[in-house]
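Letter by letter, the chains look like this.
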Amino acid sequence: MNKGQEELALKSPPPSKTTLETIDAILEILKSATSLAVVSDFLKSRNLRFSAGSWDEMKQKRIIPAIRKQKITLADLKRLLAEAEEFGRSHIFLYKVPADQVTKFFDENNLRAIAKRAGLENVLDEPKVLVLPANPTLTEIRREDSKGNQSLILKIVESRNEQQLKDVKAEGDQILRTYVITKVRAVNVVRLHASGFLEMRLQSHANSTKYAADIVRIWTVIKEILPNRIFSEFSLGKVRKQLLGRRDELRKVVRFSDSVMRNSNGITISASTGEVQTDLFKDGGAAGDSIDTFLKSGARCDSTNVWWLPDNGESGRQIHCNLGGQDNEFAIPANCTRGEYEYVLNKIRVLSR
Amino acid sequence: MSMSLTRFASSAANGGLLRTRLEKLFRQNVGGEFTFEDLCEQFPDVDYQTLGILLGELVRTGRLKMLFRVYSPKIVGGGIQDFDSLEKIPNEIFDWRAGVNMEVTGEDTRVIYKVLR
């Protein structure tokens, strides 16, 4: 019996209404967060039929039969969703706390007791799938253990309004600008490492570079689990300094697009490339010499746009990263995979030592 | 009449000389970029009209490429994206240097001459 015949000869009962609604919600979110190819690859990795020309076909002919035959579970789909929407397109704020103050979060019983006290035990057992919640909502608390590195992950989903300029027209002595307001789903993730290192990943805004209000809101949503009073900001000043100061030895790791430096007299020097693919320091040394002279006079790097090059010089994507804004902030503006995100974060952490 | 002819002859002579000087500059800077203002500063003795006509010719013959570059309003001198024509520039684009959408105005756009050969 081939796979097609197997699907026609289903004997398992159809998925429940709740399961179907959850599948709908997950696919709706995946549709905007990733591509059909990613879902196909996931099914292929499970040795299942994977081709689909549309999202509807993917749901009806691939996902529902796979769930029905128990080849995949809703938990698998939720993990796929997490991989697709939790990395990239975000501003990341770093914090730290001594490791001994977070051990309780890595003990199963303690964590369950904390979640129960906060009335959040349900999201510890079963993540919620919300598309556009009315209020910022903690939808998931989960633990991960990657190569012995334990972490606690909290996922906060919220709805935001984004505005896009649609039209500009002159009418008489007035100029009229029309904006379209779109409600978008924003996924924010807080990851606490057993070492006491914490990342708060806030989905990027389309119309603002300021995240102070978002930080306060996210800390408020998770305060019953992780109180922000125990954390202090993890400075990235050293990273920006090392990036510029050690740029020659890092030239196979990172490429620069711009840097803004500021000294204590309030003087600012900015160096930028004209084109996205140009390397700021491949102009015969002129930009580098100017920057070095300014840095030697006591200036500090205020912000910089860099591209992390693929590891070991292998072909692959360069990951754009902005180190600016708050002292503990960096941003990855484009979507990226978990592997790409972890690569960049690791490089930043190494440079911060 | 004789005045006009004199001015025309002088302009043509200047144009020929300027063309030679421009070609020398571009030969030494293949892959480089210039704004109109860069070239005015480089050749302060020529009139803008002649310079403009010559640059137009060099664009038509494929020696130069004229592009419209949108700059980040937040990072001084940081180019965001290049366009072949003004009409192709959208009202709003993503400023990847600042991580935010920006409304494009004439203030953020400059004409760049890129030396192709």
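Keep in mind that this is a model prediction, so the values were computed, not measured.

## A closer look at the overall build of chain B
Now for step 1: Secondary structure summary: chain B contains three helices and six strands in total.
Now for step 2: Each helix and strand of chain B, ordered N terminal to C terminal, gives the series α-β-α-α-β-β-β-β-β.
Now for step 3: Counting all 117 residues of chain B, 41% fall into the buried class.
Now for step 4: Considering only residue pairs separated by 6 or more positions, chain B has 52% of its internal contacts joining residues 24 or more positions apart.
Now for step 5: A total of about 6800 Å² of accessible surface is found on chain B, and carbon and sulfur atoms cover 55% of it.

## With respect to helix α6 (residues 108-117) of chain A
All names here are of chain A.
Now for step 1: Three or more residues of α6 are buried, namely L111, I114 and A115. Projected down its long axis, α6 carries its buried residues within an arc of 95°, all on one side. Of the residues in α6, the exposed ones pointing more than 90 degrees away from the buried face are N109, K116 and R117.
Now for step 2: Looking at the buried side of α6, the elements it contacts are α7 (121-125), β2 (137-146) and β3 (149-171).
Now for step 3: One or two positions beyond α6, positive phi appears at G119, with a value near 70°.

## What to know about the interface of chain B and chain A
Now for step 1: Listed as interface residues are 20 residues of chain B and, on the opposing side, 29 residues of chain A.
Now for step 2: Between chain B and chain A, a total of about 1700 Å² is buried, with carbon and sulfur atoms accounting for 45% of that surface.
Now for step 3: It is W96, R97 and E103 of chain B that lose the most area in chain B upon contact with chain A, and together they represent 33% of the buried surface on that side.
Now for step 4: Taken together, the connections running from chain B to chain A amount to four salt bridges.
Now for step 5: Residues D258 of chain A and R97 of chain B are paired through a salt bridge, measuring 2.6 Å at the closest nitrogen-oxygen approach.
Now for step 6: Inspection of the region where chain B meets chain A yields 12 residue pairs in polar contact (both at pLDDT 80 or more).

## Comments concerning the packing of aromatic side chains
Residues and elements named next belong to chain A.
Now for step 1: Evaluation of the coordinates by the stated rule reveals nine aromatic pairs over all chains.
Now for step 2: Ring centres of F93 and Y211 lie 6.2 Å apart, and the angle between their planes is 50°; this geometry places the pair in the tilted category. Here Y211 lies in the loop between β5 (197-203) and α8 (212-222) and F93 lies in strand β1 (residues 88-96), a separation of 118 residues in the sequence.
Now for step 3: According to the relative accessible area criterion, F93 is buried, its value standing at 0%.
Now for step 4: Between Y95 and W219 the ring centres are 5.2 Å apart and the planes differ by 80°, which places this aromatic pair in the edge-to-face class. Remark: W219 occurs in helix α8 and Y95 occurs in strand β1; sequence separation between them is 124 residues. In terms of burial, Y95 and W219 fall into one category: buried.
Now for step 5: Here the aromatic residues Y95, W219 and F231 are joined through ring pairs into a cluster of three or more.
Now for step 6: Directly above the ring of F281 sits R247, whose terminal nitrogen or CZ lies 4.3 Å from the centroid.

## Comments concerning the nonpolar core
A general feature of soluble globular proteins is that nonpolar side chains tend to end up buried together.
All names here are of chain A.
Now for step 1: Counting 36 residues, the largest nonpolar core has L243, W308, F330 and V344 as the members making the most contacts within it.
Now for step 2: Those elements that place two or more of their residues in this core are β1, α9 (237-245), β7 (254-262), α10 (286-296), β9 (300-308), β10 (319-323), β11 (329-335) and α11 (338-351).
Now for step 3: Among the elements that line this core, the one with the most residues is α11, at six residues.
Now for step 4: The residues touching L243, leaving out its near neighbours within four places in the chain, are L250, V254, F256, T304, V306, W308, L323 and L351.

## Looking at the sheet that holds strand β3 (residues 79-83) of chain B
Residues and elements named next belong to chain B.
Now for step 1: Taken together, four strands build an open sheet; the order of strands is β1-β6-β2-β3 and the sheet is antiparallel. The open sheet has two edge strands with one neighbour each: β1 (33-34) and β3.
Now for step 2: For strand β2 (residues 64-71) and β3, the ladder comprises four bridges, and the chain directions are antiparallel. Bridged to V70 within β3 is Q81.
Now for step 3: Packing of helix α3 (residues 48-60) onto the sheet brings it into contact with β2 and β6 (109-115), and relative to β2 it is tilted by some 105°.

## Quick notes on unusual backbone geometry
Residues and elements named next belong to chain A.
Now for step 1: Although it is not a glycine, Q70 adopts a positive phi angle of roughly 60°.
Now for step 2: You can see Q70 is positioned in the loop between α4 (55-68) and α5 (74-85).
Now for step 3: Owing to a relative accessible area of 69%, Q70 belongs among the exposed residues under this scheme.
Now for step 4: Even without being glycine, K147 reaches a positive phi, approximately 50°.
Now for step 5: Relative to the helices and strands, K147 is located in the loop between β2 and β3.
Now for step 6: Judged by relative accessible area, K147 falls into the exposed class, the value being 83%.

## Quick word on the confidence of the model for chain A
Interpretation of the predicted coordinates at a detailed level should be avoided for regions scoring low in pLDDT.
Now for step 1: For chain A, the mean per-residue pLDDT works out to 90, and 96% of the residues sit at or above 70.
Now for step 2: At the low end of the mean pLDDT range in chain A sits helix α1 (residues 3-8) of chain A, at 53; at the high end sits β5 of chain A, at 98.

## Quick look at the packing of helix α3 (residues 36-45) of chain A against α4 of chain A
All names here are of chain A.
Now for step 1: Packing of α3 against α4 brings their axes to within 11 Å, and their N-to-C directions diverge by 15°. In terms of orientation, α3 lies roughly parallel with respect to α4. As α3 packs across α4, the resulting crossing turns out to be left-handed. The segment α3 lies against α4, with L36, V39, S40 and L43 engaging W55, M58, R62 and I63.
Now for step 2: Grouping the constituent residues of the contact of α3 with α4 by class yields six nonpolar, one polar and one charged.

## Some words on the state of the cysteines
Residue and element names in this part refer to chain A.
Now for step 1: Counting across every chain of the model gives zero disulfides over all chains.
Now for step 2: Considering cysteine sulfurs only, C321 is the nearest to C301, which forms no disulfide, with 12 Å between them.
Now for step 3: We classify C301 as buried; its relative accessible area is 6%.
Now for step 4: Between C321, a free cysteine, and C336, which holds the nearest cysteine sulfur, the sulfur-to-sulfur gap is 9.9 Å.
Now for step 5: Accessibility expressed as a relative area gives 0% for C321, which makes it buried.

Definitions and cut-offs
- Residues numbered from 1 in each chain as written.
- Chains lettered and ligands numbered in written order.
- Predicted model: local features only at pLDDT ≥ 70, side-chain atom pairs only at ≥ 80, totals over all residues.
- Heavy atoms only, no water.
- Helix = DSSP H or I, 4+ residues; strand = E, 2+ residues; numbered from the N terminus.
- Buried < 20%, exposed > 50% of the residue type's maximum accessible area, 1.4 Å probe, protein only.
- Contact = heavy atoms within 4.5 Å.
- Areas by Shrake-Rupley, 256 points an atom, 1.4 Å probe, with all protein chains shown as cover.
- Arc of directions from axis to C-beta.
- Buried area = accessible area lost by both parts, 1.4 Å probe.
- Salt bridge = Lys/Arg side-chain N within 4 Å of Asp/Glu carboxyl O.
- Polar contact = N/O pair within 3.5 Å; in protein donor to acceptor, adjacent residues only side chain to side chain.
- Phe/Tyr/Trp six-rings, centres within 6.5 Å; stacked < 30°, edge-to-face > 60°.
- Lys NZ or Arg CZ within 6 Å of the ring centre and 35° of its normal.
- Core = buried A, V, L, I, M, F, W, Y, C linked by side-chain atoms within 4.5 Å.
- Pairing = 2+ DSSP bridges.
- Axes fitted to C-alpha atoms, helices over the stretch in contact; angles between N-to-C directions.
- pLDDT = per-residue confidence, 0-100.
- Parallel < 35°, antiparallel > 145°, perpendicular 65-115°, else oblique.
- Left-handed = near helix turned anticlockwise from the far one by under 90°.
- Nonpolar A, V, L, I, M, F, W, Y, C, P; charged D, E, K, R; others polar.
- Disulfide = S-S within 2.5 Å.

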